[in-house]
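Fold and contact review
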Amino acid sequence: MISVDFNDRVMIITLTRPDALNALCKKLITQLNAALDQAENDTRIGAIVVTGSGKAFAAGADIAEMKNLTFAEIAEKDFIQPWERLARCHKPVIAAVNGFALGGGCELAMMCDIIYASETAKFGQPEITIGTMPGAGGTQRLTALVGKAKAMELCLTGRMITALEAEAMGLVTRVFKAEDLLKEALATAHKIAQFSAPVVRMIKEAINDVAEVPLISGIKTERRMFHSTFALEDRKEGMSAFLEKRAAVFKNR
Ligand code: CAA
């Protein structure tokens, strides 16, 4: 249901269930989480790209799998909780959204750190049209990205938006021609992977803090993290290389 490829220091995870528009069933999420565990445990991996196959990134949670579940069953299993694994990934993740990113698919993209989209990609939270609501962070992350007014309209109407509209709203980082999408995502992933891994991790953590802790505490944490980069050889090397007008050689320590 997924395929995993390696391109130098980048892991590429492709959702490969095109017949169901990469609907996010339990098996697919289990495989995705195993790949993320592998990436996090492998010091050679510096960044991850997640993309889809066929005409979808992912068209949401698997409606066929969910249809007959009862409230008691999903509450007992805390259905959707395993999806949060992606949001807890310490390594940077780029979503390369090639097509439909709807419902849980849009939510999966929003758990990533950067969203690149092809011109043909479509985003939306259509859960309301099937009698439910976003359940994988959609109301929270979408509102944080685009603001209350736009999140309300999208979640309350289920309206689908184009990649360009999503970019204008701040949901999408950049939009590319379909044929350039993966190449651009990989170029950015390679760029990030060449930097000091502990510094990359600290920047990701500090930015994610914005949504989770009050500003004053986030500013203090950021400053302490900044101070702690001075304990790294990589920080000294980076600054030295700049002043010596040469490329830095980072050793992740
Ligand atoms: N779950 C299961 N199967 C899905 C699916 C989904 N989310 N989305 C598409 N499929 C299946 C279709 O049933 C169809 O299967 P068959 O060929 O066996 O009939 C196949 O994928 C192709 O889909 P369509 O024929 O519908 O393709 P289309 O091009 O006409 O339409 C679409 C594309 C607009 C994306 C449409 O498929 C669609 O609306 N999908 C559902 C989107 C949705 O409601 N997502 C939210 C799910 S709920 C959720 O995600 C909850 C949460 O927050 C966690």
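Below, the structure is looked at part by part.

What counts as what
- Residues numbered from 1 in each chain as written.
- Predicted model: local features only at pLDDT ≥ 70, side-chain atom pairs only at ≥ 80, totals over all residues.
- Heavy atoms only, no water.
- Helix = DSSP H or I, 4+ residues; strand = E, 2+ residues; numbered from the N terminus.
- Buried < 20%, exposed > 50% of the residue type's maximum accessible area, 1.4 Å probe, protein only.
- Contact = heavy atoms within 4.5 Å.
- Lys, Arg positive; Asp, Glu negative; His and termini not counted.
- Charge placed at Lys NZ, Arg CZ, Asp CG, Glu CD.
- Near = heavy atom within 4 Å.
- Polar contact = N/O pair within 3.5 Å; in protein donor to acceptor, adjacent residues only side chain to side chain.
- Nonpolar A, V, L, I, M, F, W, Y, C, P; charged D, E, K, R; others polar.

The next thing to look at is the overall build of the protein chain. If you tally the helices and strands in the protein chain, you get eleven helices and ten strands. Each principal axis of the C-alpha distribution contributes one length, and for the protein chain these read about 60 × 40 × 35 Å. In the protein chain, buried positions account for 42% of the 253 residues. Of the contacts made within the protein chain by residues no fewer than 6 positions apart, 68% connect residues no fewer than 24 positions apart. When the 31 positive and 30 negative side-chain charges of the protein chain are each reduced to one mean point, those points stand 5 Å apart.

A few words on unusual backbone geometry. Within the chain, Ile80 stands out as a residue other than glycine whose phi angle is a positive 90 degrees. When you line up the elements, Ile80 lands in the loop between α3 (71-77) and β5 (93-97). Classification of Ile80 as buried rests on a relative accessible area of 14%. Not every positive phi belongs to a glycine, and Lys245 is a case in point at roughly 55 degrees. By the element assignment, Lys245 lies in the segment after α11 (233-243). Judged by relative accessible area, Lys245 falls into the exposed class, the value being 78%.

With that settled, the discussion passes to the site of the ligand. Near the ligand there are 24 residues, and of these Lys55, Ile63, Gly104, Glu107 and Glu127 occur at the shortest range. In the environment of the ligand, an oxygen atom lies 2.9 Å from a nitrogen or oxygen atom belonging to the backbone of Ala61. Among the secondary structure elements, those contributing two or more residues to the shell around the ligand are α2 (63-66), β6 (100-102) and α4 (104-111). Looking at the shell around the ligand residue by residue, the class counts come to 15 nonpolar, four polar and five charged.

By themselves, these are just geometric observations and shouldn't be taken as functional.
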